[in-house]
Amino acid sequence: MAATTSSYSITMRLYTAPDHGVVGTVATAIATAGGIVTAIDVAESSHDRLVVDVTCSASDADHAALLKDAVDAVEGVEVHKTSDRTFLLHLGGKIEVNSKVPLKNRDDLSMAYTPGVGRVSMAIAETPDDVWRLTVKGNSVAVVTDGSAVLGLGNIGPGAAMPVMEGKAALFKRFADIDAWPICLATQDTDEIVKAVEMIAPGFGGINLEDIAAPRCFEIEARLRASLDIPVFHDDQHGTAIVVLAALTNALRVVHKSLPDVRIVVAGAGAAGSAIVTLLLAGGAGDVIVWDREGCLSADDDSLSPAKAELASRTNKRRVRGDLRTGLTGADVFIGVSGPGLLKAEWIADMADDAVVFALANPDPEVDPAEAEKYAAVVASGRSDYANQINNVLAFPGVFRGLLDARASEITVEMLLRAAEAIAHVVQDDELNPNFIIPSVFDLDVPKAVAAAIRGDKS
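Reference entry: report on the structure contained in this document. A quick note: this is a predicted structure, and the numbers were derived from the prediction, not measured. (Residues numbered from 1 in each chain as written. Predicted model: local features only at pLDDT ≥ 70, side-chain atom pairs only at ≥ 80, totals over all residues. Heavy atoms only, no water.)

1. Points about the state of the cysteines
Within the structure shown, the criterion is met by zero disulfides. With no disulfide of its own, cysteine 184 lies 17 Å from the sulfur of cysteine 217, the closest cysteine sulfur. For cysteine 184, a relative accessible area of 23% translates into the label partly exposed. (Disulfide = S-S within 2.5 Å. Buried < 20%, exposed > 50% of the residue type's maximum accessible area, 1.4 Å probe, protein only.)

Pasting the structure below:
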């Protein structure tokens, strides 16, 4: 059992005998149990006892419990308390509101609030467009969810979706200096969601739809785009599609193939899969097959739902029918946005030479990236503990920065294509290799490049 990232990191407070050799024994016990010790601090020392804080990483919650038991079994050691560092980070939430102006005296209050603020309100009433420059609207985004498709966790509801939406808002601020706020709606009725967003829209410069299940999300986005005069962006669809196209552009550079010439299989016909297909086709892909629970979607299959029939009508020109392995035979690219373990690593051998595999299901991908690397030339996943992480953070901050800067009222396919190209080109020719096809999420050139592409800046 191998420890991975800090998302399953715990700190154990230990009471031990006053023997510093015990600390080494504890570290050995953790390592033997598959954990990784990242910090050891002696919090207190006395003649009869040491108080030691040991921080270590585990692979999952069960492994963290196993590490605690392993330490508890060390003679002379008592585990007094165990703290999950991820839960500690979320105590009280991850975001807050701060004033941009001083509020130290009556003068400050009289301008920031009454009576001075009344003059500003009247100015906006007389010239409504001034709301963009005299309020936070011009730098604000609503992150809207109904909690129906949260990460890979399913329909867990609006309250449980809140930590994810808070995280999204924090990322907006960190990477694009945008003020975003979680809007978690207590309804999964399409009409009610559309109405709610329309009612709050005057306070925001853009709407980011998040973790709303398909096919409802398609109608919600379409109706809001038609009714609002601010951009509406469904990140699960368009953010994913942008980053996938950027990564695929560079992966094909590595294997010396071109998008119009390759055969692509997309596993998953939901929100992300549909958007990826749409952007791939707009970018010039000529041969795309979509696989879902029914098998390879084909226009001559009368049993498909309307959404999948529409997707089939735009793809699979060769009318391939059958299971995933059948669709993959001879294909150059696999893009998975479906579920864990669907792709057997040995099936990749049936693909064309120098195959590209993107296994993006989270937290458990369609195929173990380490196993896929035995057969594919380039492998990417949605996980941060492997090379080539396909992460929407590369797209949405810069996309909204550009939209807000340009005062855009909508987002177009052309913008999405430009954003994907901008991300791809952040990776220079001398940096490009099978393990580096996409820039780091912490590369600050990425949101700047994406924002410029969305604005349509001339280089």
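We are not done yet, so read on.
2. Looking at the pattern of salt bridges
As enumerated under the stated definition, the model contains 26 salt bridges in all. Note that glutamate 371 and lysine 374 form a salt bridge whose closest N and O atoms lie 3.1 Å from each other. Owing to a relative accessible area of 33%, glutamate 371 belongs among the partly exposed residues under this scheme. Here the salt bridges do not stand alone but share partners, grouping Arg401, Asp405, Arg455 and Asp457 into one network. (Salt bridge = Lys/Arg side-chain N within 4 Å of Asp/Glu carboxyl O.)

3. Brief notes about a nonpolar patch on the surface
Among the surface-exposed residues, Val101, Leu103 and Leu109 lie close enough to one another that they form a single nonpolar patch of about 260 Å² accessible area. Inspection of the secondary structure puts leucine 103 in the loop between helix 3 (85-90) and helix 4 (106-112). Note on leucine 103: relative accessible area 47%, which makes it partly exposed. (Patch = residues over 30% accessible without salt bridge, like charges linked within 9 Å, V, L, I, M, F, W, Y side chains within 5 Å. Areas by Shrake-Rupley, 256 points an atom, 1.4 Å probe, with all protein chains shown as cover. Helix = DSSP H or I, 4+ residues; strand = E, 2+ residues; numbered from the N terminus.)

4. Observations concerning the sheet that holds strand 4 (residues 77-84)
Here four strands make up an open sheet; going across it, the order is 2-3-1-4 and the pairing antiparallel. Every interior strand has two partners, whereas the edge strands, strand 2 (36-45) and strand 4, have only one. The sheet shows a mean angle of 20° between the axes of neighbouring strands, direction not considered. Sheet topology places strand 1 (residues 9-16) next to strand 3 (residues 50-57); eight bridges connect them, and they run antiparallel. Its bridge partner being in strand 3, methionine 12 is matched across the sheet by valine 54. Most of the contacts of helix 1 (residues 21-32) go to strand 2, to which it runs at about 155°, and overall it touches strand 1, strand 2, strand 3 and strand 4. Strand contacts of helix 2 (residues 61-72): strand 1, strand 3 and strand 4, with the helix running at about 160° to strand 4, the strand carrying the most contacts. (Pairing = 2+ DSSP bridges. Axes fitted to C-alpha atoms, helices over the stretch in contact; angles between N-to-C directions. Contact = heavy atoms within 4.5 Å.)

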